[in-house]
Structure formats: C-alpha cells, structure tokens
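Results of the structural survey
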Amino acid sequence: MSTARPMTAPERQFLQDLLRSAPGKARRRKEGAENALILFALLMLLFVVGWWVINWVSKAALNRDIGLNSPAAIWILSLGVLGCAAGAVVSTARWIRGWKDNRPSLNADLEGGRVIEEHYRFTAAKRFQEPEHGGLLYFLRTSDDKVLVLYDADSQDFGAQGQDPLKSSFKPCAELSIVRAPKTGFVISRHFSGAPLAAGERRELALRPKDWPDSDQYSTIPWSELDARLSKST
C-alpha cells in the first residue's frame, strides 16, 4: 500500500543534499578529462611493454630490430600514441554517456514537495551473500506473495574493510515503511517495525554484480525459485 503526503523538512534536506552533490556539466567535464588522462597513461604503458616484448621476439627470431633505435620507431610510436589517445577518448565518452543526470528530476521532486510512503508486510525472509566483499542482499516475501529486494549497505562496508559483515545492524522485521521521492524514485528512508524475521542461513550469490536485482524494488524471480536461480548451493 502506498500513499502520497507532503514532504517533511528533513526529507527536503535529504533531497537538497543529493542535488548539491550531483555532478554538473563542469564537474563531468573535469572528471572526464581526468579519466581520459589516466586511461591514456595506462594504455601507453601497455603499449610500450607490448612493443618491447614484440621487439625482443623479433630480434630473437628474425634478427630484426623494431625498437626505439630502429627506423620504424617514429611510425610505431606515432601509431601507438594515436591509438591509445583514441581508445582513452572513446572509452571515457562511453563512461560519461552512462552517467544519468538526476538533477532535473531532483528539482522536480523538490518543487512538487510531496513524497510517496509505502507500507509492506512480510511473511518470510532469505539472505544471499555476494562473494567479493560479503555484502548481504535480503529477499522479503510479502503477504501477497511478492518479493522485495533490500541491500544491506553496512554489511558491504564491513566486508570491504575486512570485518565481519554480520556486524551490520540491519535486521528485517515483519513490517516496513519506505519513503520515496516520486520523480527520481530515490529512497529517502526505511523503517522496520513489528516482529523480527529470521532470514535463515546465508546463501552464496551466484550472480555477477551487473545482474543483481535492484534494491528497494520487487524481484522478477518468484519466491519459490530464488534458491535455484541465485545460489550456488542448489
């Protein structure tokens, strides 16, 4: 169940902080230029190492020098620089195009002055643990047999710092309220209440990060198929 209501002052402050931290055009250009320079340097390093290896093989097998002191060096170096520069620019352009500009939607949320408050009731929970840092993903079965996905960000932080992810204070309960901004869909707050839900044993998540389900959204995988489709221990 969801209802719209006026935005509170702390909720407005939360969105204003997000808007201030959102990258503008100048920051995007700056970060893009920095990324391109770093990537160009890395590609040039790989190019130089590869050139050295190829030249070593060429001298050993063919007794032919194509290194820095060879007549072909200027052409090889020029092509290498151009190729690395092109690769850095193209890769950076794709990276920048992948950024979503949330500023118009954030402004619309602030101008609208309203939020969506969602209420859930759960009957069961399962948790999966990603293998790289040990972060936990919770799958909560609703009373109408849907599956809501929630990420435990604290467990991810603990794992990345070499600590036990189970130190996280995230504890699912039978009832949950989520407050969202209507245009961006950003979650402003979550609040559990009611009886604690036992999530059972941790299952190792067998998906690559790009295939993880979105947090604070319903899963497309039915409850009965979670283990078979997400876990290695099936």
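Okay, so let's go over this structure. (Residues numbered from 1 in each chain as written. Predicted model: local features only at pLDDT ≥ 70, side-chain atom pairs only at ≥ 80, totals over all residues. Heavy atoms only, no water.)

Regarding its fold elements, the protein chain presents 6 helices and 8 strands. The helix and strand sequence of the protein chain, counted from the amino end, reads β-α-α-α-α-β-β-β-α-β-β-β-β-α. A compact globule built from 234 residues should have a C-alpha radius of gyration of about 17 Å, whereas the protein chain, at 25 Å, is more than 25% larger. Taken along the three principal axes of its C-alpha coordinates, the protein chain extends 80 × 50 × 30 Å. Each of the 234 residues in the protein chain was classed as buried or not, and the buried ones make up 33%. Partitioning the contacts of the protein chain with sequence separation of at least 6, the portion at a separation of at least 24 is 65%. Total accessible area on the protein chain stands at roughly 14,400 Å², and carbon and sulfur atoms take up 58% of it. Within the protein chain, one finds 31 positive and 26 negative side-chain charges whose respective centroids are separated by 5 Å. (Helix = DSSP H or I, 4+ residues; strand = E, 2+ residues; numbered from the N terminus. Rg over C-alpha atoms; globule rule 2.2 N^0.38 Å. Buried < 20%, exposed > 50% of the residue type's maximum accessible area, 1.4 Å probe, protein only. Contact = heavy atoms within 4.5 Å. Areas by Shrake-Rupley, 256 points an atom, 1.4 Å probe, with all protein chains shown as cover. Lys, Arg positive; Asp, Glu negative; His and termini not counted. Charge placed at Lys NZ, Arg CZ, Asp CG, Glu CD.)

On to the nonpolar core, then. The biggest cluster of nonpolar side chains holds 15 residues, and the ones touching the most others in it are F122, L140, L148, L150, L176 and F192. Looking at this core, the elements that each hand over two or more residues are β2 (114–129), β3 (136–142), β4 (147–152) and β5 (173–180). Those residues within four positions of F122 in sequence are excluded, and the remaining contacts are L140, R141, T142, L148, C173, A174, L176, F192 and L197. Within the second largest apolar cluster, 11 residues are counted, among which are L137, F139, W223 and L230. (Core = buried A, V, L, I, M, F, W, Y, C linked by side-chain atoms within 4.5 Å.)

Quick look at the packing of aromatic side chains now. Within the structure shown, the criterion is met by 7 aromatic pairs. Where F47 meets W51, the ring centres are 5.7 Å apart and the plane angle is 35°; that geometry is what we call tilted. Of the two residues, F47 and W51 both sit in helix α2 (residues 25–62), 4 residues apart, roughly one turn of that helix. Measuring from centroid to centroid gives 6.2 Å for Y151 and W212, while their planes differ by 85°, and the two rings are edge-to-face. (Phe/Tyr/Trp six-rings, centres within 6.5 Å; stacked < 30°, edge-to-face > 60°.)

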